[in-house]
Number of protein chains: 2
Amino acid sequence: MVKQETQREQTASMEDYLEAIANLGAGKKVVRVKQISDMLGVRMPSVTSALKRLSEQELVEHERYGHIELTPEGAKVASEVIDRHEALAHFFAQALGIDQATAEEDACKIEHVISPLGMERLAKFVEFMEACPMGGANLPDRYEYYLEHGELPQDCVKKGVKET
Amino acid sequence: MVKQETQREQTASMEDYLEAIANLGAGKKVVRVKQISDMLGVRMPSVTSALKRLSEQELVEHERYGHIELTPEGAKVASEVIDRHEALAHFFAQALGIDQATAEEDACKIEHVISPLGMERLAKFVEFMEACPMGGANLPDRYEYYLEHGELPQDCVKKGVKET
DNA sequence: TATAATTGTTAGACGCGTCTAACAATTAGG
DNA sequence: CCTAATTGTTAGACGCGTCTAACAATTATA
């Protein structure tokens, strides 16, 4: 039995198109070339040619001057990208305390290159940070203090965790 | 007075070449096309053509069949990339507990796309985590426990941080 | 509904970064 | 020191992803 090897692995650009189409189409809304072009900051012919490629890979259905829709396979890829995006943006914004715009920007880039393990651990880490409040002074708060004052807050050294 | 706007901003590929040259040349060692080609996993003509481009931008000095060296400007760019690389690899390995190989791999990709703010905060975060041990049960340890057992260790909720 | 505005497509160009094939220079061994 | 092996370069092709210019279809409006 020969290894099918679908050679599925999208470029960053194609992932961006899939992501945009998924986001624009969320809630059954009709998706237009112009919207995609605006959302991604490219010209319309770039969108048309991307749609052609994605159609050839069966990730998108597109009829001339008409309907644009993700295939089930395309939707799957898109949702994976979107999941990564959200976890990353959440990490940057909540854990690192970065402004939403920059957090999104970084998420948009990193979502295309991070390893599955890196992704998984990052998500777990955020979960952990949020679940492990250490009483009233939780980690994000202490981190924020550290960012602001450049030194550790009291409760990092004095309070908390004596060895009992 | 017109805005000089040096339009300096390297592609991921060019940053990789600069990084490789810096690493290979560390400690005055002679740098060869073949080494760069092996290190980056590309063929030699790709290296030659990259060197040509980087020379045109005054980031590298290269004489035919001979000497390869970073200019001061090139060395500066390289060292910025290397700094990002190291901070990222450190974060993935130490903070997230990812194996060295994967941590390096992720660092190699993300170093080319992360924002300055993201970078700065990530570094600060690692610093904070390492400086804020919370007594004997420090954050990385507790995180490790969480990874292993899927639930918070005792000292996240019971011990530590009562509101005094 | 005829026409204007908008949206979408096609054709073709271009820059980047890679490759292979062929050849040239350099280096190492007999 | 000559020859073989290695290293490096040139020439030219190619795929990706973008663009502009020109045209075509669709939609909105007077």
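Structure shown above.
Let me begin by describing the structure that accompanies this report. In this text, all values refer to a predicted model and were calculated from it rather than measured experimentally. (Residues numbered from 1 in each chain as written. Chains lettered and ligands numbered in written order. Predicted model: local features only at pLDDT ≥ 70, side-chain atom pairs only at ≥ 80, totals over all residues. Heavy atoms only, no water.)

1. Structural notes on the overall build of chain A
Line of reasoning, step 1. Helix and strand counts for chain A stand at 8 helices and 2 strands.
Line of reasoning, step 2. Counting helices and strands in the order they occur from the N terminus, chain A gives α-α-α-β-β-α-α-α-α-α.
Line of reasoning, step 3. Evaluated residue by residue, chain A yields a buried proportion of 40% over its 164 residues.
Line of reasoning, step 4. For chain A, long-range pairs separated by at least 24 residues make up 49% of all intrachain contacts whose partners lie at least 6 apart in sequence.
Line of reasoning, step 5. Accessible surface, chain A: about 9700 Å² in total, of which carbon and sulfur atoms supply 51%. (Helix = DSSP H or I, 4+ residues; strand = E, 2+ residues; numbered from the N terminus. Buried < 20%, exposed > 50% of the residue type's maximum accessible area, 1.4 Å probe, protein only. Contact = heavy atoms within 4.5 Å. Areas by Shrake-Rupley, 256 points an atom, 1.4 Å probe, with all protein chains shown as cover.)

2. Observations regarding a negative patch on the surface
All names here are of chain A.
Line of reasoning, step 1. Together, Glu58, Glu61, Glu63 and Glu69 make up a region of like negative charge exposed at the surface.
Line of reasoning, step 2. Note that Glu63 resides in the loop between strand E1 (60–62) and strand E2 (68–70).
Line of reasoning, step 3. Its relative accessible area of 52% is what places Glu63 among the exposed residues. (Patch = residues over 30% accessible without salt bridge, like charges linked within 9 Å, V, L, I, M, F, W, Y side chains within 5 Å. Salt bridge = Lys/Arg side-chain N within 4 Å of Asp/Glu carboxyl O. Lys, Arg positive; Asp, Glu negative; His and termini not counted. Charge placed at Lys NZ, Arg CZ, Asp CG, Glu CD.)

3. Quick word on the packing of helix H2 (residues 33–40) of chain B against helix H3 (residues 44–56) of chain B
All names here are of chain B.
Line of reasoning, step 1. Two numbers describe how H2 lies on H3: the axes approach to 9 Å, and their chain directions differ by 110°. One finds that H2 runs roughly perpendicular with respect to H3. For the pair formed by H2 and H3, the contact residues are Val33, Lys34, Ile36 and Ser37 on the first element and Met44, Val47 and Leu51 on the second.
Line of reasoning, step 2. Each residue belonging to the contact of H2 with H3 can be placed in one class, and the counts come to 5 nonpolar, 1 polar and 1 charged. (Axes fitted to C-alpha atoms, helices over the stretch in contact; angles between N-to-C directions. Parallel < 35°, antiparallel > 145°, perpendicular 65-115°, else oblique. Nonpolar A, V, L, I, M, F, W, Y, C, P; charged D, E, K, R; others polar.)

4. Digging into the protein's contact with DNA strand D
Line of reasoning, step 1. Around DNA strand D lies a shell of 20 residues, among which Thr11, Arg43, Ser46 and Arg53 of chain A together with Lys34 of chain B are the nearest.
Line of reasoning, step 2. Restricting attention to atoms of DNA strand D within 4 Å of the protein, one finds that 76% of them are sugar or phosphate atoms.
Line of reasoning, step 3. The side chain of Arg32 of chain B places a nitrogen or oxygen atom 3.1 Å from a sugar or linking oxygen of DNA strand D.
Line of reasoning, step 4. Separating a phosphate oxygen of DNA strand D from a side-chain N or O atom of His62 of chain B is a distance of 3.0 Å. (Near = heavy atom within 4 Å. Polar contact = N/O pair within 3.5 Å; in protein donor to acceptor, adjacent residues only side chain to side chain.)

5. Observations regarding the environment of Lys124 of chain A
Residues and elements named next belong to chain A.
Line of reasoning, step 1. Counting through the fold element by element, Lys124 comes out in helix H6 (residues 116–131).
Line of reasoning, step 2. The exposure class of Lys124 is partly exposed, given its relative accessible area of 27%.
Line of reasoning, step 3. Each C-alpha atom, one on Lys124 and one on Ala87, is 9.7 Å from the other, the two residues being 37 residues apart in sequence.

6. Considering helix H4 (residues 72–95) of chain B
Line of reasoning, step 1. Taking 1.5 Å of rise per residue, the 24 residues of H4 of chain B would be expected to cover 34 Å, and the 33 Å separating its terminal C-alpha atoms lies within 8% of that figure.
Line of reasoning, step 2. Just downstream of H4 of chain B, Gly97 of chain B is the residue with a positive phi angle, here 70°. (Expected span 1.5 Å × (residues − 1).)

7. A closer look at the protein's contact with DNA strand C
Line of reasoning, step 1. Taken together, 20 residues lie near DNA strand C, and Lys34 of chain A together with Thr11, Arg43, Ser46 and Arg53 of chain B sit nearest.
Line of reasoning, step 2. Within 4 Å of the protein, atoms of DNA strand C come from sugar and phosphate in 76% of cases.
Line of reasoning, step 3. Within the backbone of Val33 of chain A, an N or O atom sits 3.4 Å from a phosphate oxygen of DNA strand C.
Line of reasoning, step 4. Elements supplying a minimum of two residues to the surface near DNA strand C: helix H2 (33–40) and helix H3 (44–56) of chain A together with helix H1 (12–25) and H3 of chain B.
Line of reasoning, step 5. Take the surface near DNA strand C: its biggest share by element is 4 residues, from H3 of chain B.
Line of reasoning, step 6. In terms of residue class, the surface near DNA strand C is made up of 9 nonpolar, 6 polar and 5 charged.

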